[in-house]
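If you want the building blocks of each chain, they are given just below.
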Amino acid sequence: MLDYRSYTFLEVYRAHSFSRAAKTLHITQPAVSQHIRYLEHCYEAALFEKTTRGAKPTPAGDRLFRVLSTMANDEERLRTELHALASETAPAPLRLGCTRTVADYVAPCLLADRVSAHPVEAINMRVGNTTELVQLMDTGEIDCALVEGSFDRARFDSVVYSTEDYIAVASPKDAASSNPRSIHDLVGERLILREPGSGTREILERNLTAHDLTLADFAGTLELASIPAIISCVAAGAGITFLYRIAVERELAAGSLVDITPADFGIRHNFTLIWQRGSTYAARYRTLIAGAK
């Protein structure tokens, strides 16, 4: 069981403030300061630097947060498990997070395989972008996440679920469908894309940068939060988009969309299962995708 001062540290770290942590924890600010000083004495390292904006974690503070956050969340899972055993109630569900593309086009088959192999296990799934899912893991609201975006490998253990083609598509009636040779041949088109923070958009922006391009170089942009809506707009000729082939396999086969990926913009990207580094539940999380590819 974690020391109560460890929970004070976690709250200060998340709030970036001694006073806000005190308010959340319903204790005095001097008590918060005393708890942090105790931990700094124990670990012989400064954990925060006071700034005009509050409390900035030191490198030692960052490291301690990663470890204590994992321990706190594992402890809460263990508490739930032990309560279920003692009360002979249903075990706690596996709480999975998925990014939007994964949720719409990968998770159904994955969850079907999981339910078949573990028929009595309950699963709760949350959907969000990679940043949102990482925050939910930090606060213990989900156990693991299947993501397409970048993540901090110092904070999370991971295993690759699949490697997917990331392509450009257009309506066959669109002028853009005439075999562009370079990504620069597409800058006259309107881009239809996901909102900022989505993994699909992050990959596009990062790879455009490698070609000295930004979203502003295109004729215009249209942001939609729904992948099916993006696909429908592109099929109607409203613009082009970049997404995973797995999301448009049916449309490509039916001919309502065509692959217009330029030769200099071929991209493959991993869908990755991640969880807090050092979690004692790592083996359970790995079984989620074992044999499910």
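Refer to the structure above for everything that follows.
Residues numbered from 1 in each chain as written. Predicted model: local features only at pLDDT ≥ 70, side-chain atom pairs only at ≥ 80, totals over all residues. Heavy atoms only, no water.

Draft legend 1. Looking closely at the overall build of the chain. Counting its regular elements, the chain contains eleven helices and eleven strands. Over its C-alpha atoms, taken along the principal directions, the chain stretches across nearly 65 × 50 × 25 Å. For the chain, buried positions account for 45% of its 293 residues. Looking at the chain alone, contacts between residues at least 24 apart form 75% of all its contacts between residues at least 6 apart. A distance of 4 Å separates the average location of the 31 positive side-chain charges in the chain from that of its 36 negative side-chain charges. (Helix = DSSP H or I, 4+ residues; strand = E, 2+ residues; numbered from the N terminus. Buried < 20%, exposed > 50% of the residue type's maximum accessible area, 1.4 Å probe, protein only. Contact = heavy atoms within 4.5 Å. Lys, Arg positive; Asp, Glu negative; His and termini not counted. Charge placed at Lys NZ, Arg CZ, Asp CG, Glu CD.)

Draft legend 2. Local environment of the packing of helix α1 (residues 4–15) against helix α2 (residues 18–25). Between α1 and α2, the least distance of the axes is 8 Å, while the angle of their chain directions is 125°. Between α1 and α2, the interaxial angle falls into the category oblique. The chirality of how α1 crosses α2 is right-handed. When α1 is examined against α2, the residues T8, E11, V12 and A15 are found in contact with a partner set consisting of F18, R20, A21, T24 and L25. Grouping the amino acids of the contact of α1 with α2 by side-chain chemistry returns five nonpolar, two polar and two charged. (Axes fitted to C-alpha atoms, helices over the stretch in contact; angles between N-to-C directions. Parallel < 35°, antiparallel > 145°, perpendicular 65-115°, else oblique. Left-handed = near helix turned anticlockwise from the far one by under 90°. Nonpolar A, V, L, I, M, F, W, Y, C, P; charged D, E, K, R; others polar.)

Draft legend 3. Here's a closer look at the packing of aromatic side chains. Per the counting criterion, the structure on display carries eight aromatic pairs. Each ring, one from F9 and one from Y13, has its centre 6.1 Å from the other, and the planes form 50°; the classification is tilted. Placement of the pair is F9 and Y13 together in helix α1, with a separation of four residues, close to one helical turn. The class of F9 is buried, set by a relative accessible area of 0%. For the ring pair F242 and F265, a centre distance of 5.5 Å and an interplane angle of 70° mean the geometry is edge-to-face. (Phe/Tyr/Trp six-rings, centres within 6.5 Å; stacked < 30°, edge-to-face > 60°.)

Draft legend 4. Focus on α2. Those residues of α2 that fall on the buried side of the exposure criterion are F18, A21 and A22. The arc that holds every buried residue of α2, seen down its axis, measures 100°, which confines them to one face. Where α2 is buried, its residues touch α1, α3 (29–43), β1 (48–51) and β2 (54–57). (Arc of directions from axis to C-beta.)

Draft legend 5. Representation of the nonpolar core within the structure. Counting residues in hydrophobic clusters, the biggest one holds 38 residues, and the most contacted among them are F242 and L273. Setting aside chain neighbours within four positions, we find L273 in contact with L96, C144, A145, L146, D157, S158, V159, Y285, L288 and I289. (Core = buried A, V, L, I, M, F, W, Y, C linked by side-chain atoms within 4.5 Å.)

Draft legend 6. Expanded view of unusual backbone geometry. For H26, which is not glycine, the phi torsion reads 60° and is therefore positive. Within the fold, H26 resides in the loop between α2 and α3. The exposure class of H26 is exposed, given its relative accessible area of 72%. Non-glycine residue E44 carries a positive phi angle of around 55°. Assignment of secondary structure puts E44 in the loop between α3 and β1.

Draft legend 7. Focus on the environment of A236. Residue position: A236 is located in the loop between α9 (227–235) and β9 (241–244). The exposure class assigned to A236 is exposed, which follows from its relative accessible area of 63%. For A236 and P108, which are 128 residues apart along the polypeptide, the C-alpha to C-alpha distance reads 27 Å.

Draft legend 8. Main features of the pattern of salt bridges. Under the criterion given, the structure shown has 18 salt bridges. Here D165 ties to R245 by a salt bridge, and the two come within 3.9 Å at their closest N and O atoms. Here D165, found in strand β6 (residues 156–170), pairs with R245, found in the loop between β9 and α10 (249–254); they are 80 residues apart in sequence, far enough to count as distant. According to the relative accessible area criterion, D165 is partly exposed, its value standing at 30%. Across the salt bridge formed by R201 and E205, the nearest N and O atoms sit 3.3 Å from each other. (Salt bridge = Lys/Arg side-chain N within 4 Å of Asp/Glu carboxyl O.)

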